[in-house]
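Chains, contacts and geometry: an overview
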Amino acid sequence: IANGTFVLDGKEYTLPVNNGPNCLHGGNSGFDKRLWKGKLMSSEDNVLGPEDVGVEFTLKSHDMDEGFPGNVVVSVKYILTHDDRLKFLYEASTDKET
């Protein structure tokens, strides 16, 4: 994000700069540097076939984390199917424009 700032709904937000004058990949402590909560998936998750296995990782980012507005919940599911295919399912939700 150029110059570490952006305007959303008329409000200016300031972010940490970590790539020259810019904010790259979520700032100094992006999601790639966080400890995600992991759990084995089961048939109750309604995305696995009867012989599939999977793991889900979730991360919560609080409002104004690294300067970004909104509480965000991110989920990534990795599923190995019975016929040796690997599926990735990504989801995110927020309570503000971001």
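Residues numbered from 1 in each chain as written. Predicted model: local features only at pLDDT ≥ 70, side-chain atom pairs only at ≥ 80, totals over all residues. Heavy atoms only, no water.

1. Digging into the overall build of the protein chain
The helix and strand tally for the protein chain stands at zero helices and six strands. Taking 2.2 N^0.38 as the reference for a compact globule, 98 residues should give roughly 13 Å; the C-alpha atoms of the protein chain span a radius of gyration of 17 Å, well beyond that estimate. In terms of overall dimensions, the protein chain has C-alpha extents of about 50 × 25 × 20 Å along its principal axes. Accessible surface for the protein chain amounts to roughly 6800 Å². Of this, 53% is attributable to carbon and sulfur atoms. (Helix = DSSP H or I, 4+ residues; strand = E, 2+ residues; numbered from the N terminus. Rg over C-alpha atoms; globule rule 2.2 N^0.38 Å. Areas by Shrake-Rupley, 256 points an atom, 1.4 Å probe, with all protein chains shown as cover.)

2. Digging into the side chain of lysine 77
Along the chain, lysine 77 falls in strand S5 (residues 72–80). Residue classification places lysine 77 among the buried residues on the basis of a relative accessible area of 11%. Sequence-distant contacts of lysine 77, that is, excluding residues within four places in its chain, are made with Met41, Val47, Val55, Glu56, Lys87, Phe88, Leu89 and Glu91. (Buried < 20%, exposed > 50% of the residue type's maximum accessible area, 1.4 Å probe, protein only. Contact = heavy atoms within 4.5 Å.)

3. Quick word on the packing of aromatic side chains
Applying the stated criterion across every chain yields a total of five aromatic pairs. Relative to phenylalanine 88, the ring of tyrosine 78 lies with its centre 5.2 Å away and its plane at 80 degrees, an arrangement referred to as edge-to-face. Remark: phenylalanine 88 occurs in strand S6 (residues 86–94) and tyrosine 78 occurs in strand S5; sequence separation between them is 10 residues. The rings of Phe6, Tyr13 and Phe68 are connected pair by pair, giving a single aromatic cluster. (Phe/Tyr/Trp six-rings, centres within 6.5 Å; stacked < 30°, edge-to-face > 60°.)

4. Points about the layout of surface pockets
Within this model, the largest pocket holds a volume of roughly 210 Å³. Phe31, Ser61, Phe68, Val72 and Thr98 are the residues nearest the centre of the largest pocket, which is lined by 17 residues in total. (1 Å grid on protein atoms, 1.4 Å probe; cavity = no way out; pocket = protein on both sides within 12 Å on 5 of 7 lines; lining within 4 Å. Points joined across faces, edges and corners; volume = space filled by probe spheres on them.)

5. What about the sheet that holds S6?
With antiparallel pairing, four strands are arranged side by side in an open sheet as S3-S4-S5-S6. The outermost strands of the open sheet, each flanked by one partner alone, are strand S3 (37–40) and S6. Between one strand and the next, the sheet's axes are offset by a mean angle of 15 degrees, whatever the strand orientation. Pairing of S3 with strand S4 (residues 53–61), which is carried by four bridges, proceeds in the antiparallel orientation. From the neighbouring strand, lysine 39 faces S4, where its bridge partner is glutamate 56. (Pairing = 2+ DSSP bridges. Axes fitted to C-alpha atoms, helices over the stretch in contact; angles between N-to-C directions.)

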